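# What the coordinates show
Here is what each chain is made of, one letter per residue.
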Amino acid sequence: MAQTVFIPKEIDANETRVAASPDTVKRLAGLGFSVVVEKGAGAASRIPDADFAAAGATIGAASDVAKADLVLKVRRPNAAELSGYRKGALVIATIDPYGNEDAVAALAKAGVSAFAMEFMPRITRAQVMDVLSSQANLAGYRAVIDAAAEYDRALPMMMTAAGTVPAAKVFVMGAGVAGLQAIATARRLGAVVTATDVRAAAGEQVQSLGAKFIMTDALKDASGQGGYARELTEDERKAQAALVAEHIAKQDIVITTALIPGRPAPRLVSADMVKSMRPGSVIVDLAVERGGNVEGAVAGKIVTTANDVKIIGHLNVPGRIAASASLLYAKNLLAFLETMTDKDAKALAINEEDELVAATMLTHGGKVVHPNFAGAAGKGSTEDKPKAAPKKAPARKSAAKPKGDA
């Protein structure tokens, strides 16, 4: 009997994405799975039930999760959802475990094997499974579109018989995946773009997109492990802040993207910097869900300051372009699932020694097994803590686009 994959409708009010597409449903069926999609799961992503059904899925109800061997989700299931899951089921989603240890323990207590897609190692074979990059890429694009919508002037320079309209000046802070896409998008719209990052290697990528890279001479390089930035020293922080403060005062649009998994978002833009900007300027904070890069940013709101600067703090920015985001996210999940499927037996075959499984498996067998969350193990089970940390995956040899930004 074929194993069942269930695709639920996300219940989070801010989540518009879905964890499958008609293409991935068709491919899941080809792998030997029976696919059930909850009615209306793809509606917010412009995927009607009929398209899922045409691809081979059965349209079902939320209660059908009780029979599922595997659940594919966008966000971590909450306690109410978990109560209906079958013990031993696999759950693949973006779990967001940092700061949510109780929720991690709940996954273990429910007896599900949960895989955190955001923990996918940065190795060549896993690039197609990199949800942080696929979603951050779209977030960077959408950030520029949102900024342009709130900015009441043209972005490109326009020469007309009535006079010349100057190009908007866009400053992107953080040149990871989201930042690089923001740069590329702003350039396509005709803006004059500058960018900064604390990693010197990012300068070449910024310049390759036609933007100007700025970095204080006091900060040679702050590259850390895994493509992320290390923490700056106090002197480096002051020097970089002074450079940014001077530059921001001349900008029309600022987009901040700095985010390191497991840590609060670093504060990049102070209230004084915001005050120095001209009336009508716009700031987009892509890290607002983690505390924000911008002082004064409010999650889920657009704030207008006393000097008429708009600070945009939209939640779930990839979800603001859900029709595209869902297609990429679904492909990420499918690519990962294919590595855990025995194609001859047409069934799940999890190899716990595989580096992808070792890096992403959060709970299994009633225990919290990921070493970063061993402290939550006692809450979810009385079993012993995991024996050892998974082996560290080697870094990609190619020029990496850091995935640690928003």
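We now turn to the structure provided with this report.

Now for the packing of helix α5 (residues 131-150) against helix α10 (residues 322-339). Across the interface, α5 lies against α10 with an axial gap of 9 Å and an inter-helix angle of 170°. Between α5 and α10, the interaxial angle falls into the category roughly antiparallel. On α10, the residues touching Val131, Ser134, Gln135 and Leu138 of α5 are Ser324, Ala325, Leu328, Tyr329 and Asn332.

Let us look at the side chain of Asp146. Note on placement: Asp146 falls in helix α5. Residue Asp146 is classed as buried on the basis of its relative accessible area, which comes to 7%. Side-chain polar atoms of Asp146 contact the side chain of Arg320, separated by 3.0 Å.

Across the sheet, which stays open at both edges, the eight strands sit in the order β3-β2-β1-β4-β5-β6-β18-β19 with mixed pairing between neighbours. Each having just a single partner strand, β3 (58-60) and β19 (367-368) make up the two edges of the open sheet. Note: strand β1 (residues 4-7) against strand β2 (residues 34-38), four bridges, orientation parallel. Each residue of the ladder has a partner; that of Ile7, found in β2, is Val37. Where helix α4 (residues 101-109) meets the sheet, its contacts fall on β6 (113-116), β18 (361-364) and β19, and the angle it forms with β18 comes to roughly 45°.

Positionally, Gly99 belongs in the loop between β5 (90-94) and α4. In this structure the C-alpha to C-alpha distance between Gly99 and Gly262, which are 163 residues apart in sequence, comes to 7.9 Å.

Rules used in this analysis
Residues numbered from 1 in each chain as written. Predicted model: local features only at pLDDT ≥ 70, side-chain atom pairs only at ≥ 80, totals over all residues. Heavy atoms only, no water. Axes fitted to C-alpha atoms, helices over the stretch in contact; angles between N-to-C directions. Helix = DSSP H or I, 4+ residues; strand = E, 2+ residues; numbered from the N terminus. Parallel < 35°, antiparallel > 145°, perpendicular 65-115°, else oblique. Contact = heavy atoms within 4.5 Å. Buried < 20%, exposed > 50% of the residue type's maximum accessible area, 1.4 Å probe, protein only. Polar contact = N/O pair within 3.5 Å; in protein donor to acceptor, adjacent residues only side chain to side chain. Pairing = 2+ DSSP bridges.

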